[in-house]
Amino acid sequence: MTGVKLAKAFGFLFMMVIVCSKQIPEEQHSTYPATDEAHFTSHEYHDQDLKVNVGERLIRAAAQPVDYQGGATIDNRQVLFHLNTDAQIANRNDLKKITREKRNDLDQFMGMIKANEIFTRNAGTLRNSPAKHFRLDMQGMVKRNGRDYHNMQVQMNGKRSGSSTYANVLVPKDANGFLADRVIRRAFYDSSNGNAAVTLEIGNKVVQG
């Protein structure tokens, strides 16, 4: 009986050695899931950050960029538009303050502005819109980064609450004679539609592709 018991015990120990030898690689490998889990977790956080960043980029892409090329001068230099969204530009889509008739008058008016009429140093009203709802004012000269700008504003006539400015464009004094009407008009349109003041900057020559 003693020999049988010893044989059984030896057989049991032998089986345990075999089982343990098979489990050791698994146990060694079992340290990796913890590492992988940390690795994947970091990726999950990274993915969440990417989703947030992508979302922010999509929002920014849907909105008007704050700096972009708005056209070219007549001698083929870039005209850069810089938008100031903190400016007090009235909301053209506020139906309580501006009717569809007035918006049509505003758009028609901005499409009539000429570049050569805004280069005056005298503050005052330059012209009124066809239906007389709006006027183009020269608000005087202002300085930005050491340069002189004409402060041009389209304002609503008559009694109103809040801001009466529906477009504000700052035009550099030294751009006189170089700006096309279409660039000036786009600046006023972008200011009105983007609820932002637009500062014009003359850049480098446009590279022809």
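In this text the structure is predicted, and so the values were computed from the model without any measurement. (Residues numbered from 1 in each chain as written. Predicted model: local features only at pLDDT ≥ 70, side-chain atom pairs only at ≥ 80, totals over all residues. Heavy atoms only, no water.)

Chemist: What am I meant to see in helix 3 (residues 100-110) here?
Modeler: Turn by turn, an α-helix covers 3.6 residues, leaving residues three or four places apart pointing in a common direction. Residues of helix 3 that are buried: R103, D105, L106, F109 and M110. Looking down the long axis of helix 3, one finds its buried residues gathered within 160° of arc, a one-sided arrangement. Exposed residues on helix 3 whose side chains face more than 90 degrees from its buried face are R100 and E101. At its buried positions, helix 3 is contacted by strand 3 (124-128), strand 4 (134-144), strand 5 (147-156), strand 6 (165-172) and helix 4 (181-194). (Buried < 20%, exposed > 50% of the residue type's maximum accessible area, 1.4 Å probe, protein only. Helix = DSSP H or I, 4+ residues; strand = E, 2+ residues; numbered from the N terminus. Arc of directions from axis to C-beta. Contact = heavy atoms within 4.5 Å.)

Chemist: How should the pattern of salt bridges be read in this particular structure?
Modeler: Once their charged atoms are close, side chains differing in charge can pair, the charge on each being opposite to the other. Throughout the structure, instances matching the rule amount to 8 salt bridges. Close ionic contact of R135 with D137 constitutes a salt bridge, the shortest N to O distance being 2.9 Å. Residue classification places D137 among the buried positions, given a relative accessible area of 7%. The shortest N-O distance in the salt bridge between D190 and R186 comes to 3.3 Å. (Salt bridge = Lys/Arg side-chain N within 4 Å of Asp/Glu carboxyl O.)

Chemist: Please explain the confidence of the model for the protein as it appears in this structure.
Modeler: In low-pLDDT regions, the fine details of the predicted coordinates are not to be read closely. When pLDDT is averaged along the protein, the result is 77, and 68% of the positions lie at 70 or above. For the stretch residues 16-62, pLDDT sits under 50, and the model shows 0 contacts to residues farther than four places along the chain or on other chains. (pLDDT = per-residue confidence, 0-100.)

Chemist: Looking at this structure, I do not really get the nonpolar core. What am I missing?
Modeler: General note: in soluble globular proteins, nonpolar side chains tend to be found buried as a group. With 33 residues, the main nonpolar core has F81, V154, L179, I184, F188 and L200 as its most contacted residues. When residues of this core are traced back to their parent elements, those giving at least two are strand 2 (77-84), helix 3, strand 4, strand 5, strand 6, helix 4 and strand 7 (197-205). Setting aside residues no more than four positions away along its own chain, F81 makes contact with V66, D67, Y68, G70, V183, R186, A187, D190, V198, T199 and L200. (Core = buried A, V, L, I, M, F, W, Y, C linked by side-chain atoms within 4.5 Å.)

Chemist: Can you help me understand helix 4 in this one?
Modeler: Its 14 residues place the ends of helix 4 20 Å apart at the C-alpha level, agreeing with the 20 Å of an ideal helix rising 1.5 Å per residue. Of the positions making up helix 4, those classed as buried are V183, I184, A187, F188, D190, S191 and S192. (Expected span 1.5 Å × (residues − 1).)

Chemist: It is not clear to me how the side chain of R92 should be interpreted in this structure. Could you clarify?
Modeler: Secondary-structure assignment places R92 in the loop between strand 2 and helix 3. Judged by its relative accessible area of 7%, R92 falls in the buried class. Of note is the side chain of R92, whose polar atom sits 3.4 Å from the side chain of N193. Setting aside chain neighbours within four positions, we find R92 in contact with I98, R103, L106, D107, M110, Y166, S192, N193 and N195. (Polar contact = N/O pair within 3.5 Å; in protein donor to acceptor, adjacent residues only side chain to side chain.)

Chemist: Is there a simple way to think about the sheet that holds strand 2 in this case?
Modeler: Within a beta sheet, neighbouring strands are joined by backbone hydrogen bonds and run either parallel or antiparallel to one another. The 7 strands are arranged 1-2-7-6-5-4-3 in an open sheet whose pairing can be described as mixed. Of all the strands in the sheet, just strand 1 (67-72) and strand 3 have a single pairing partner and so form its edges. On average, each strand axis in the sheet is inclined to that of its neighbour by 30°, with strand direction left out of account. In this structure, strand 6 lies alongside strand 7, joined through 2 bridges in parallel fashion. Residue pairing for strand 7: L170 is matched across the bridge by T199. Packing of helix 3 onto the sheet brings it into contact with strand 3, strand 4, strand 5 and strand 6, and relative to strand 4 it is tilted by some 55°. Where helix 4 meets the sheet, it contacts strand 1, strand 2, strand 4, strand 5, strand 6 and strand 7, and its direction lies at approximately 140° from that of strand 6. (Pairing = 2+ DSSP bridges. Axes fitted to C-alpha atoms, helices over the stretch in contact; angles between N-to-C directions.)

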